[in-house]
Amino acid sequence: MKILNTSIKHIILLTRVSCSKQDVEESTEQQLAICQKYIKNLGINKFEVYTLKESSSRGNRKEFLQMLNDIKKCDGCTALIFTKIDRLLRRFSEVPKLDELRQQGKIQLHAVKDNLVLTKASAAFDIHRFRLLAADAERFSNRISEKTREKILICCQQGRYPGHAPLGYVNGQSEYGLPWIYPDIQKAFWVAEIFKKFAEGNSLKQLAVWCLKAGLTSVKNNPLSTKAIIRILQNPFYMGQFRHNGKLYAHYYERLVEKDVWEKCQIRLKHYRKNKG
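All of the points below concern the structure found in this document.

Rules and cut-offs
Residues numbered from 1 in each chain as written. Predicted model: local features only at pLDDT ≥ 70, side-chain atom pairs only at ≥ 80, totals over all residues. Heavy atoms only, no water. Buried < 20%, exposed > 50% of the residue type's maximum accessible area, 1.4 Å probe, protein only. Helix = DSSP H or I, 4+ residues; strand = E, 2+ residues; numbered from the N terminus. Pairing = 2+ DSSP bridges. Salt bridge = Lys/Arg side-chain N within 4 Å of Asp/Glu carboxyl O. Axes fitted to C-alpha atoms, helices over the stretch in contact; angles between N-to-C directions. Contact = heavy atoms within 4.5 Å. Core = buried A, V, L, I, M, F, W, Y, C linked by side-chain atoms within 4.5 Å.

### Structural notes on the pairing of strand E4 (residues 107-111)
Regular strands show a simple pattern: their side chains alternate between the two faces of the sheet. Here E4 lies mainly inside the structure; five of its five residues are buried. In E4, alternate side chains face the same way, and those of Ile107, Leu109 and Ala111 on one face and Gln108 and His110 on the other are all buried. When strand E3 (residues 77-82) meets E4, the two strands line up parallel, connected through five bridges. Within the sheet, the bridge partner assigned to Phe82 lies in E4 and is Ala111. Here E4 pairs with strand E5 (residues 116-118) via three bridges, running antiparallel. Of the residues in E5, the one forming a bridge with Ala111 is Leu116. Counted between consecutive antiparallel strands, the loop separating E4 from E5 contains four residues, among which Asn115 sits at a positive phi close to 55°.

### What about the pattern of salt bridges?
A side chain of one charge can pair with a side chain of the opposite charge if their charged atoms are brought near each other. Going through the model one piece at a time under the given rule, you end up with nine salt bridges. We note a salt bridge from Arg61 to Glu94, for which the minimum N-O separation is 2.9 Å. A residue pair is termed long-range when its members are at least 10 positions apart, and Arg61 in the loop between strand E2 (48-53) and helix H2 (62-73) and Glu94 in the loop between helix H3 (85-88) and helix H4 (95-103) qualify at 33 residues. For the residue pair Arg61 and Glu94, the accessibility class agrees, reading buried in each case. Here Arg139 makes a salt bridge to Asp136, at a shortest N to O gap of 3.1 Å. Taken together, the residues Arg139 and Asp136, both in helix H5 (residues 124-157) and three residues apart, mark about one turn of the helix. Given a relative accessible area of 49%, Arg139 falls into the partly exposed group. With a relative accessible area of 40%, Asp136 lands in the partly exposed category. Where salt bridges share partners, they join Arg61, Arg91 and Glu94 into one cluster.

### Observations concerning the sheet that holds E3
With mixed pairing, five strands are arranged side by side in an open sheet as E2-E1-E3-E4-E5. Two strands close off the open sheet at either side, each with one partner strand: E2 and E5. Across the sheet, the mean angle from the axis of one strand to that of its neighbour is 20°, orientation sign disregarded. Across the sheet, H5 lies against E4 and E5, angled at about 115° from E5, the strand it touches most.

### Brief notes about the nonpolar core
Ranked by internal contacts, the top residues of the largest apolar core, which has 33 residues, are Ile194, Phe195, Leu224, Ile229, Leu233 and Tyr238. Looking at this core, the elements that each hand over two or more residues are helix H6 (188-200), helix H7 (204-214), helix H8 (226-234) and helix H9 (259-276). Residues within four places of Phe195 in sequence aside, it is in contact with Ile232, Leu233, Tyr238, Val257, Val261, Trp262 and Cys265. Grouped together as the second largest cluster of nonpolar side chains are 24 residues, Ile71, Val95, Leu109 and Leu118 included.

### Overview of unusual backbone geometry
In this structure, Asn115 is a non-glycine residue whose phi angle is positive, near 55°. Here Asn115 is to be found in the loop between E4 and E5. Residue classification places Asn115 among the exposed residues on the basis of a relative accessible area of 53%. We note that Asn245 has phi near 55°; this positive angle belongs to a residue other than glycine. The residue Asn245 is located in the loop between strand E8 (241-244) and strand E9 (247-250) in this model.

Dropping the structure here:
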């Protein structure tokens, strides 16, 4: 492979690390070393490095779109160097954005390990191969998502919560090395008291003041507002169940609230919403 366009004005070495732990990939350092070796063989020493710390298959990909905007603003053509197509994208819907820049002569794509260079003058065979690699990257990403959903469903069916522990609990590991959730020795008692006091007749505002005096804060260490307290009171996790994708599952972690107290709180919340409405 070689850079064909003599109007190259800018070189970008692109590395990406996924947000997903399911995505097995090269580190950013390994990716950068491969790209640097590639341009060194071409006799190029001046370049810029973009490291995208985002998933290529979820969200709006703000960093990726910002990079494309930077390329649009550059005079001349930018050579974008990366290890493989799946480091660049995993959504086939992003292919047209890159095609437009390539056809305008604004970008060259260099996938080092895929042994592929795309320029404005690329042959139909290379363009077709790029599209196949992009489609394959999307298929691989979708398969990862499917496997993740399957694992989460099994986890739920086994009574294990597939997320961060709510206030009053902490994430940890069981004696068998499995992810587990335990009561937070510093906050569990105070969270249980919220249910007890609300069931006894304390108002939400009174509970917010009480939490402030007791030093009970949210997971992010913010004061508990009445809305935050409502979310706590509505969360079935505290009495032995959890919601996932709209479905209730029983869990086997230690309860902070007995069912009768929980039900009293739900009745009071129902009246609260009715009166507020």
